[in-house]
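# Structure at a glance
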Amino acid sequence: MASEGEEMDMTPVESEVSATETDTEAEDCSVESDAESIEVETVPISTEEAEMEELLGQLEDYTPTVPDALTMRILHSSGFASVDPRIVRIISVSAQKFISDIANDALQHCKTRTTNIQHSSGHSSNKDKKNPKDRKYTLAMEDLVPALADHGITMRKPQYFV
């Protein structure tokens, strides 16, 4: 820098460069002084927060049946705009649990219905005497409708036009 009384012969570009250098030096000084004066207290994590952090850590490694891309698409179409992948993963796992509960309830309805049919018919063939574990079940609307009704979803068959 020139002292008082000396003339400065600088081009406009040189003056801008020197001005930015002095500005950054002033900022560096203020940042250093601010960093020295700030004291951060460590707050102990509650058990609920620790459990949430553990859950989120476990979800990072888990791949849900409902893909995150599908969940993001449904969320965006319904007006939810979240970019946090942890929230999307939690919603994907929740949707998977909901679908799993409905499928399990439908299976229980199917088992109940087939055992009631076998006992009410009175006669059973060798085919019906299979071990219940070896039996294969098919998801039918008559089993799915009551399972969905248990979860508050009303489903009706569409009308058939001839």
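Okay, so let's go over this structure. Numbering of residues begins from 1 in every chain and follows the order in which that chain's sequence is written. For this predicted model, a pLDDT threshold of at least 70 governs which residues receive local features, and a threshold of 80 or more governs which side-chain atom pairs are given and counted, while totals over whole chains, interfaces and linings are taken from all residues. Note that the side-chain values use all heavy atoms of the structure and ignore hydrogens as well as water.

## Examining a negative patch on the surface
On the surface, a cluster of negative charge is contributed by Glu 48, Glu 49, Glu 51, Glu 53 and Glu 54. Looking at Glu 53, the relative accessible area reads 49%, which means it is partly exposed. Each patch is built from residues that are more than 30% exposed by relative accessible area and take part in no salt bridge. Like charges join if they lie within 9 Å; nonpolar side chains (Val, Leu, Ile, Met, Phe, Trp, Tyr) join within 5 Å. All accessible-area figures derive from a Shrake-Rupley calculation using a 1.4 Å probe, and residue coverage is judged against the displayed protein chains alone. Each reported salt bridge corresponds to a side-chain nitrogen of Lys or Arg within 4 Å of a carboxyl oxygen of Asp or Glu. The positive count covers Lys and Arg only, the negative count covers Asp and Glu only, and His and the chain ends enter neither. The atoms used to mark charge sites are NZ of Lys, CZ of Arg, CG of Asp and CD of Glu. The classification of residues rests on relative accessible area computed with a 1.4 Å probe and restricted to protein chains. Under 20% of the type maximum is buried, over 50% is exposed, and intermediate values are partly exposed.

## What to know about the nonpolar core
Counting residues in each nonpolar core, the largest one holds 5 residues, listed as Ile 102, Ala 106, Leu 144, Ala 147 and Leu 148. Starting at the N terminus, helices and strands are each numbered in turn, a helix being any DSSP run of H or I of at least four residues and a strand any DSSP run of E of at least two. At the level of elements, helix H4 (85-121) and helix H5 (141-150) are the ones that each hand at least two residues to this core. When residues of this core are assigned to their parent elements, the largest contribution, 3 residues, is made by H5. For this analysis, residues touch if any pair of their heavy atoms sits within 4.5 Å. The residues contacting Leu 148, other than those within four sequence positions of it, are Ile 102, Ile 153 and Met 155. We call a set of buried residues a nonpolar core when its members are Ala, Val, Leu, Ile, Met, Phe, Trp, Tyr or Cys and they connect through side-chain atoms within 4.5 Å of each other.

## A closer look at a nonpolar patch on the surface
Together, Phe 80, Ile 87 and Ile 91 make up an exposed nonpolar region whose accessible area comes to about 210 Å². The topology assignment puts Ile 87 in helix H4. We classify Ile 87 as partly exposed; its relative accessible area is 34%.

## Some words on the environment of Tyr 137
You can see Tyr 137 is positioned in the loop between H4 and H5. Looking at Tyr 137, the relative accessible area reads 28%, which means it is partly exposed. The sequence separation of Tyr 137 and Lys 111 amounts to 26 residues, and the corresponding C-alpha distance is 8.0 Å.

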